[in-house]
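Descriptive structure summary
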Amino acid sequence: LDSTGVAREASLAIAQNASLENVTQLNLAGNKVQLDTLFESGSLVHVSHLDVSGSRFRKSGRDRLLDSGWLPRLRSLNLANTKITATSVRVLANRPELEQLRELNLSGNSLGDDALTALANSPYLFRLQMLRLDMIACTQVGITALAQTWNLPRLTCLSLDRYMGGWGRGRDMGPFDSIAAFAQA
């Protein structure tokens, strides 16, 4: 369903289709999908990888995601280019249900230092292995918060490519064993 412009009716049909109960990866990137409808679905109970990048992600969609029961199952969440706010990231970072999350992509959103600090201070993202923050607006304050945290011990990929901050082009962590190694490099 990538970039197909799924409308409200199609979102509802997906959400209500019992034959989709075994879907584990749901890619709705670039759609005008009604996230509110999907998150209320009783059919999509096994989704562990959710990509809604480039889709509308209003506060109501965020709230429905938080209340849907999906969070404990999610291993991968792609919210790139969804216009998600720093406030929404702070709310997500403080949800205990996200402790199973391994991959998080927040690229292309205007997040700022507050959002990065919330991610760095979250006690629930300790299983996170990949964090993509490409093309975000932040300063060295947010980057430093991430580099100095001990709350992300399993993080092996930190992507800050083309972040709009103080010291130019970002870098991928790539071969670093942890964010602590990144901070020392």
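Residues numbered from 1 in each chain as written. Predicted model: local features only at pLDDT ≥ 70, side-chain atom pairs only at ≥ 80, totals over all residues. Heavy atoms only, no water.

Section: the overall build of the protein
- Regarding its fold elements, the protein presents seven helices and six strands.
- Reading the protein from its N terminus to its C terminus gives the helix and strand order α-β-α-β-α-β-α-β-α-β-α-β-α.
- Among the 185 residues that make up the protein, the fraction classed as buried is 48%.
- Excluding contacts between residues fewer than 6 apart, the proportion of contacts in the protein whose partners are at least 24 apart in sequence is 74%. (Helix = DSSP H or I, 4+ residues; strand = E, 2+ residues; numbered from the N terminus. Buried < 20%, exposed > 50% of the residue type's maximum accessible area, 1.4 Å probe, protein only. Contact = heavy atoms within 4.5 Å.)

Observations regarding the nonpolar core
- Ranked by size, the top nonpolar core spans 40 residues in total, and within it L50, L106, L111, L119, L131, L133 and L146 carry the most contacts.
- Elements that contribute at least two residues to this core include exactly α4 (86-93), α5 (112-121) and α6 (140-148).
- The element that contributes the greatest number of residues to this core is α5, accounting for five residues. (Core = buried A, V, L, I, M, F, W, Y, C linked by side-chain atoms within 4.5 Å.)

Quick word on unusual backbone geometry
- Positive phi, close to 55°, is recorded for N81, a residue that is not glycine.
- Owing to a relative accessible area of 42%, N81 belongs among the partly exposed residues under this scheme.
- Positive phi, close to 65°, is recorded for K83, a residue that is not glycine.
- For K83, the location among the structural elements is in the loop between β3 (76-78) and α4.

Some details on the sheet that holds β3
- Read across the open sheet, the six strands follow the order β1-β2-β3-β4-β5-β6; overall the sheet is parallel. With one partner strand each, in any of the chains shown, β1 (25-27) and β6 (157-159) form the two edges of the open sheet. Adjacent strand axes in the sheet meet at a mean angle of 0°, parallel and antiparallel pairs treated alike.
- Pairing of β1 with strand β2 (residues 49-51), which is carried by three bridges, proceeds in the parallel orientation. Across the sheet, the residue bridging to L26 is L50, located in β2. (Pairing = 2+ DSSP bridges. Axes fitted to C-alpha atoms, helices over the stretch in contact; angles between N-to-C directions.)

Observations regarding the pattern of salt bridges
- Scanning all chains against the criterion turns up two salt bridges.
- The residue R132 makes a salt bridge to D134 at a minimum N-O spacing of 2.7 Å.
- Among the residues examined, R132 registers a relative accessible area of 26% and is labelled partly exposed. (Salt bridge = Lys/Arg side-chain N within 4 Å of Asp/Glu carboxyl O.)

Digging into the environment of S48
- Structurally, S48 is set in the loop between α2 (35-39) and β2.
- For the pair formed by S48 and R73, sequence separation is 25 residues and the distance between their alpha carbons is 5.2 Å.
- The residues touching S48, leaving out its near neighbours within four places in the chain, are T24, R73, L74, R75 and S76.

With respect to the side chain of D134
- Relative to the elements of secondary structure, D134 occurs in the loop between β5 (130-132) and α6.
- You can call D134 buried: its relative accessible area is 7%.
- Ignoring sequence-local partners within four residues, the contact set of D134 consists of S107, G108, S159, L160 and D161.

Some points on the packing of α4 against α5
- Across the interface, α4 lies against α5 with an axial gap of 8 Å and an inter-helix angle of 5°. Relative to α5, α4 is oriented roughly parallel. In this structure, α4 uses A86, V89, R90 and A93 to contact α5, whose residues at the interface are D114, A115, A118 and L119.
- A per-class count over the contact of α4 with α5 returns six nonpolar, no polar and two charged. (Parallel < 35°, antiparallel > 145°, perpendicular 65-115°, else oblique. Nonpolar A, V, L, I, M, F, W, Y, C, P; charged D, E, K, R; others polar.)

Functional significance is not addressed by these values, which are geometric in nature.
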